[in-house]
Amino acid sequence: MSDSEASPEILEIFEDVIDDIESRPDEMTVQVLRDMANRLRIHFIKATCASSSGHPISCSSAAEIMSVLFFHTMKYKPSDTENPNNDRFILSKRLSFIDVAMGWFGQGLGAACGMAYTGKYFDRASYRVFCLLGDGESSEGSVWEALAFATHYSLDNLVLIFDVNRLGHGSILPVEHCIETYQKRCEAFGWNTYVVDGRDVEALCRVFWKAAKVKGRPTAVVAKTFKGRGMPRLAPDYDSPTYASHAPGITDVEDAESWYGKPMPKERADAIIKLIESQIKTNKSLLPEPPIEDSRKIIIGEIKMTSPPVYKIGDMMSTRKACGLALAKLGHANNRVIVIDGDTKNSSFSEIFKKEHPEKVIECFIAEQNMVNVALGCAIRNRTIPFANTFASLWTRAYDQIRKGAMSQINLKLIGSRCGASIGEDGPTQMALEDLAMFRAIPNCTIFYPSDAVSTEHAVYLAANTKGLCFIRVSHPETSVIYTPEEAFNVGQAKVVRQSVNDKVIIIGAGVCLHEALLAAAELAKEDIYVRVIDLFTIKPLDSNTILINAKATGGRIITVEDHFPEGGIGEAVCAAVAMENDILVHQMAVSGMPRSGRADELLDIFGISARHIIMAVKCILVY
């Protein structure tokens, strides 16, 4: 072999030696990191003993990982946890430096993907995202949706740490300590993967250093750990009142099966803490390296409508298309508006936004749980204004993720199309008939249900400016424009769209059914029967004041009509609003039974929410 042929091999060996030297921390740093991990264990024990609840052994398995991440690897300013340049960290808890409350249900990685995508493609900044995931969470399908997403978008600023401690809530996990299985799975999804002893701080320092050098692929660190790591053996005290309830027959806490969710017995805690303290050899601490200052501060103020809607009364357009047009217009008003799609853009009209803002669309494909998690990650720290858009029926798949977003008070906007039986021939699998009930049950969720193109455009702008979780319900059929471009809309404010001094009944609706109510009102007027029609616009908050004022003016007779199941919809919302009032009668009209495929007008009539049925309901309530 000639020198020239050997040179690349020699060069590679030389580079490996240099990398090994550069990645290796000095002995003092290693000892301080070990000591800080043990101090974390002491905090875990004290906190769980004080609350008589918690997971000290689960926390202990990741103590070295946390020590290395926060005091050696991550770059951030401890005094400024909201600094946009800080590295991000996702954990199954909610702390001041942790951005989203995910619980331990496998949702953190999807949120981390959203944060990493934002950092790489929107902020174009140097900050990195770290996500610590328990091996029990890896049974969740959303974890593997997120793994595929990160590879597809080459999120090389993302590091996933698998805390493989083999024990679940009530039993040993299927893969146990076979870390090679996790390694093969991650590699099969295209991740750069390292296997490491999670108790070895020096090895952890080295793999995190190597991960920072990887380009074009996300990195997974599979760390073999042990629950209760660092917890000494306990001599059983059979007279202890807590012995039997906490760990009968168990004298070894580390890697034991019967300690999940159980704090150390209080009478033992001091002895355990003293033993851990005896292993601490320094009183030093480490400060993290400051971040690179290349992520500009984003202030998302109120977004104003740059021009009024262009529609005229009588124009025909579906609210789902009007929503797509409004999003595209909103994107020009603020360049931090993004749309997250679930492979439905040609039906939900997200394609309009994509045509005008191609770099601001994230395609998550048919993976709704990960889609919501990614949207949450994009919304964290108010770096973007994300609108996630898909069929309303598919949000049922991601309800837990939506709940977690609401708990974390994140500004997330969801759009649901193909609502109700009025979608017609596509059939019941795609008919959203439970979505209002879902979102009404979430605290502080704002629900928009526009009835024409003008109100839809206003709903989109209002949602962009509304804090917290918003849901916009848009309909499939084309309906006529009923509002002028100058009409003003506000959250929680209904519209009286038809009225006279002779009105005897109020019909309350939204979306497609509002147009059925207007048709019914016009036909009834020919028989000298006059009714008032109210467009709710927002289902939550509900405009109870407008409902009550108009109900009292029309004899206390109310009919609600909705393209939704009776449970949890408009009818029940109105009933709750008037429940304490005397002499008010509410008749609810909604889709009853399981719908089927058919023409939209046929299905509205079959399920009793068409203009014909409204007319009959009005006549019945007048003689009640």
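Structure's up top.
First, a word on scope: everything that follows refers to the structure included in this document. (Residues numbered from 1 in each chain as written. Predicted model: local features only at pLDDT ≥ 70, side-chain atom pairs only at ≥ 80, totals over all residues. Heavy atoms only, no water.)

1. Some words on unusual backbone geometry
- Residues K540 and P541 are joined by a peptide bond in cis, for which omega reads 0 degrees.
- By secondary structure assignment, the location of P541 is in the loop between β17 (538-540) and α19 (544-553).
- The phi torsion at N382 lies on the positive side, around 55 degrees, for a residue other than glycine.
- Inspection of the secondary structure puts N382 in the loop between α14 (368-379) and β9 (385-391).
- The residue D528 is not glycine, and still its phi comes out positive at about 60 degrees. (Helix = DSSP H or I, 4+ residues; strand = E, 2+ residues; numbered from the N terminus.)

2. Side note on the pairing of strand β15 (residues 505-509)
- With five of five residues buried, β15 lies mostly within the body of the structure.
- Burial of the side chains of β15 extends over both faces: V505, I507 and G509 are buried on one face and I506 and I508 on the other.
- One ladder, built from five bridges, connects β15 with strand β16 (residues 531-535); its direction is parallel. For I506, the partnering residue across the bridge sits in β16 and is R532.
- For the crossover from β15 across helix α18 (residues 512-525) to β16, the handedness is right-handed.
- Across three bridges, the pairing between β15 and strand β18 (residues 557-561) is parallel. Counted as the bridge partner of I507 is I559 from β18. (Buried < 20%, exposed > 50% of the residue type's maximum accessible area, 1.4 Å probe, protein only. Pairing = 2+ DSSP bridges. Right-handed = clockwise from strand over helix to strand, strands pointing away.)

3. Quick notes on the packing of α18 against helix α22 (residues 611-622)
- It is at 8 Å that the axes of α18 and α22 come closest, and there the two elements cross at 55 degrees. When the axes of α18 and α22 are compared, the pair comes out oblique. Here the hand of the crossing between α18 and α22 comes out right-handed. Side by side, α18 and α22 meet where E516, A517, L519, A520, E523 and L524 of the first sit next to A611, I614, I615, V618 and K619 of the second.
- Looking at the contact of α18 with α22, its residues break down into eight nonpolar, no polar and three charged. (Axes fitted to C-alpha atoms, helices over the stretch in contact; angles between N-to-C directions. Parallel < 35°, antiparallel > 145°, perpendicular 65-115°, else oblique. Left-handed = near helix turned anticlockwise from the far one by under 90°. Contact = heavy atoms within 4.5 Å. Nonpolar A, V, L, I, M, F, W, Y, C, P; charged D, E, K, R; others polar.)

4. Some details on the environment of R596
- With respect to the element layout, R596 can be found in the loop between β19 (585-589) and α21 (600-606).
- Placed 171 residues apart in sequence, R596 and E425 show a C-alpha to C-alpha distance of 8.2 Å.
- Beyond its immediate sequence surroundings of up to four residues, R596 is in contact with G424, P428, M431, L603, I606 and F607.

5. Observations concerning the nonpolar core
- In this structure, L158, W395 and F439 are the most contacted members of the largest nonpolar core, which totals 78 residues.
- If near-sequence neighbours (up to four positions away) are discounted, L158 is found in contact with L109, A112, C113, A116, V129, A150, W191, P218 and T219. (Core = buried A, V, L, I, M, F, W, Y, C linked by side-chain atoms within 4.5 Å.)

6. Details of the side chain of R320
- Positionally, R320 belongs in helix α11 (residues 319-333).
- A polar contact of 2.7 Å, which involves the side chain of R320, links it to the backbone oxygen of S347.
- Non-local contacts of R320, meaning those with residues more than four positions away in its chain, are made with S347, S348, F349, S417, V474, S475 and H476. (Polar contact = N/O pair within 3.5 Å; in protein donor to acceptor, adjacent residues only side chain to side chain.)

7. Structural notes on the layout of surface pockets
- Quantified by volume, the second largest pocket comes out at close to 610 Å³.
- For the second largest pocket, the lining is made up of 28 residues, of which T73, K75, S126, R128 and A212 are closest to its centre.
- Elements with a contribution of two residues or more to the lining of the second largest pocket: α1 (3-23), α4 (63-73) and α8 (201-211).
- A per-element tally of the lining of the second largest pocket places α8 first, with three residues.
- Its residues assigned to classes, the lining of the second largest pocket shows 11 nonpolar, six polar and 11 charged. (1 Å grid on protein atoms, 1.4 Å probe; cavity = no way out; pocket = protein on both sides within 12 Å on 5 of 7 lines; lining within 4 Å. Points joined across faces, edges and corners; volume = space filled by probe spheres on them.)

8. Digging into the environment of F130
- Relative to the elements of secondary structure, F130 occurs in strand β2 (residues 129-134).
- The buried category is assigned to F130, whose relative accessible area is 2%.
- The spacing of F130 and L160 is 30 residues in sequence and 6.0 Å in space, taken between C-alpha atoms.
- Residues within four places of F130 in sequence aside, it is in contact with L69, T73, M74, D87, R88, F89, I90, V159 and I161.

9. Looking at the packing of aromatic side chains
- Taken as a whole and judged by the stated rule, the model has 14 aromatic pairs.
- Note on F448 and F537: the rings are 5.8 Å apart at their centroids and 70 degrees apart in plane angle, and the pair reads as edge-to-face. With F448 in strand β11 (residues 446-448) and F537 in the loop between β16 and β17, this pair connects stretches of sequence that are 89 residues apart.
- For F537, a relative accessible area of 0% puts it in the buried group.
- Aromatic pair Y483 and F489: ring centres 5.0 Å apart, planes at 90 degrees, arrangement edge-to-face.
- Site record: aromatic cluster; members linked through ring pairs are Y117, Y121, F122, F149 and Y153.
- It is R88 that lies over the ring of Y127; its NZ or CZ is 3.6 Å from the centre. (Phe/Tyr/Trp six-rings, centres within 6.5 Å; stacked < 30°, edge-to-face > 60°. Lys NZ or Arg CZ within 6 Å of the ring centre and 35° of its normal.)

10. A short note on the packing of helix α5 (residues 108-122) against α14
- Contact pair α5 / α14: the axes reach a minimum separation of 6 Å and the direction vectors enclose 50 degrees. By the angle between their directions, the pair α5 and α14 is classed as oblique. In terms of crossing hand, the pair formed by α5 and α14 is right-handed. Contact residues: α5 offers G110, A111, C113, G114, M115 and T118, while α14 offers N370, N373, V374, G377 and C378.
- Residues of the contact of α5 with α14, tallied by class, amount to five nonpolar, six polar and no charged.

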